[in-house]
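Descriptive structure summary
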Amino acid sequence: MRIVLLGGGGFIGSHLAEWLLARGTHDVIATDINHDKLRHLLDHGRFTYFDSDIHTDVQLTRQLVESADVVVNLVAVATPKTYTLNPLHVFELDFLDNLRVAQMCAEMNRRLVQFSTCEIYGPTWLSLVPPELATPEFIARADITQSEDSTAMITGPINETRWIYATSKHLLERVIHALGMQQGLDYSIIRPFNFVGPRFDFLPSDKDDTSPRMFAQFMDALLRGTRISLVDGGAAQRCYTYIDDAVECIGRILEDRTGSTSREAFNIGNPGNEASVVEFADMMIDIYKAQYWDGVQPLPEVVSVPGKEFFGPGYADCDRRIPDITKARELLGWAPEWDLRSLISSTMDSFVSEYRSRAAERPAPVALVAE
Ligand code: UGA
């Protein structure tokens, strides 16, 4: 197949491109505004890359859509700090620009695999239950698993600008569903649940940019001996999924020839890997100390910070996100394999190796001697 990855230069796109090329039969065409994560693929005979922005390069995007068997749209701002500080940009890119691609696919009769987010479920219904009713017995019996075709979506008030991302993706999914229903668009929607792996975001100190997500923030603190900030004490819980598990599932959706994945949304996540942010930080520190720490450099100080201070006044959080993955299991025979400790170890290994090899390449400081 000829597979076009719009926004293919990010963390997920770069792994998906590798997986598809390893199959040996697909032609993969990727576009993005940065290709640092694709450098190792640029010389591959079946890979083509265009430095291109779907916001401005509408003509090229149209040509690529027309030439494709499958269009995979990964273009998005996906960092909570940007949702709270620049909500208009999130709406323009994540909704308007993505909508244009979906409309092109409908018009040209091309299959679309659209990346959405687990965040469209929002906080769980349990988080809205008054504390006096949420007894431990009630919580133990509450089913808060998030299912593609039955769970209601929850957001917050408009001044919580964080939700512009979830609502943009939510409306995009609804319009794509309607394009399928009324104009015959062949699509699949993917809702990722906290994928982690090599090339995840970037270390914030490298770019003087504090927008990356949690794993990159904590990794930066470990490598540089700075501070791990636990937002609101780190009580929020997530289910973490290793990128190799995730691309295996995405690849099966792309290669599906039975039509069973058409006009379906898929949760891709690992319900067995739930941890609170504080538990995740403790595990990272533990693994780092055991495997990489030289015993000399200071370990990070761990502090709790209010979310509205750390991310901006429009911040709100999802309490838990547990995917129901029955659909992917039944239609694709897929199940995640990587447990939490192994996925942290493997990701950390790639970050530490890259950081150390870059440090080794830097010229040694020259001593200044007074004349
Ligand atoms: C983000 C996106 O908004 C989702 O759409 C996406 O699906 C998800 O990442 C993902 O990776 O799949 P979120 O999980 O909230 O959602 O992103 P993170 O920035 O990684 O935050 C996870 C938790 O860690 C939050 O509770 C956050 O407050 C906390 N956090 C983050 C910290 O405690 N410290 C930090 O330095 C960064």
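Keep in mind the model is a prediction, meaning the values are calculated, not measured.

**Focus on helix α10 (residues 277-291)**
- Between its terminal C-alpha atoms α10 stretches 21 Å, which fits the 21 Å expected from 15 residues at 1.5 Å a residue.
- Regarding α10, the residues found buried are Val-277, Phe-280, Ala-281, Met-284, Ile-285, Ile-287 and Tyr-288. Looking straight down α10, one finds that the buried residues subtend no more than 165° of arc, so they occupy a single side.
- Packing partners of the buried residues in α10 comprise α8 (214-224), β9 (227-231), β13 (274-276), β14 (301-305) and α13 (340-361).

**Remarks on the site of the ligand**
- For the ligand, the set of nearby residues contains 26 residues, the closest of which are Tyr-83, Thr-117, Glu-119, Arg-238 and Asp-317.
- At 2.9 Å from an oxygen atom of the ligand is found a side-chain nitrogen or oxygen belonging to Arg-213.
- Separating an oxygen atom of the ligand from a side-chain N or O atom of Arg-321 is a distance of 2.9 Å.
- Protein burial of the ligand: of its 700 Å² of free accessible surface, 96% is covered by the chains.
- If you list the elements that add at least two residues to the shell around the ligand, you get α3 (80-85), α8 and β9.
- Considered class by class, the residues forming the shell around the ligand number 16 nonpolar, four polar and six charged.

**Let's talk about the pattern of salt bridges**
- Within the structure shown, the criterion is met by 23 salt bridges.
- In this structure, Arg-341 engages Asp-286 in a salt bridge whose closest nitrogen and oxygen atoms are separated by 3.0 Å. Taken together, the residues Arg-341 in helix α13 and Asp-286 in helix α10 connect sequence positions 55 residues apart.
- We classify Arg-341 as partly exposed; its relative accessible area is 41%.
- Linked by salt bridges that have partners in common, Glu-119, Arg-162, Arg-238, Asp-317 and Arg-321 make up one network.

**Describing the packing of α8 against α10**
- The N-to-C vectors of α8 and α10 enclose an angle of 40°; their axes lie 11 Å apart at closest approach. Between α8 and α10, the interaxial angle falls into the category oblique. With respect to the hand of their crossing, α8 and α10 are arranged in right-handed fashion. Taken together, the residues of α10 that come into contact with α8 (itself represented by Met-214, Phe-215, Phe-218, Met-219, Leu-222 and Leu-223) are Val-277, Phe-280, Ala-281, Met-284, Ile-285 and Tyr-288.
- Classifying every residue of the contact of α8 with α10 gives twelve nonpolar, no polar and no charged.

Here is what the cut-offs are and how they apply
Residues numbered from 1 in each chain as written. Predicted model: local features only at pLDDT ≥ 70, side-chain atom pairs only at ≥ 80, totals over all residues. Heavy atoms only, no water. Helix = DSSP H or I, 4+ residues; strand = E, 2+ residues; numbered from the N terminus. Expected span 1.5 Å × (residues − 1). Buried < 20%, exposed > 50% of the residue type's maximum accessible area, 1.4 Å probe, protein only. Arc of directions from axis to C-beta. Contact = heavy atoms within 4.5 Å. Near = heavy atom within 4 Å. Polar contact = N/O pair within 3.5 Å; in protein donor to acceptor, adjacent residues only side chain to side chain. Areas by Shrake-Rupley, 256 points an atom, 1.4 Å probe, with all protein chains shown as cover. Nonpolar A, V, L, I, M, F, W, Y, C, P; charged D, E, K, R; others polar. Salt bridge = Lys/Arg side-chain N within 4 Å of Asp/Glu carboxyl O. Axes fitted to C-alpha atoms, helices over the stretch in contact; angles between N-to-C directions. Parallel < 35°, antiparallel > 145°, perpendicular 65-115°, else oblique. Left-handed = near helix turned anticlockwise from the far one by under 90°.

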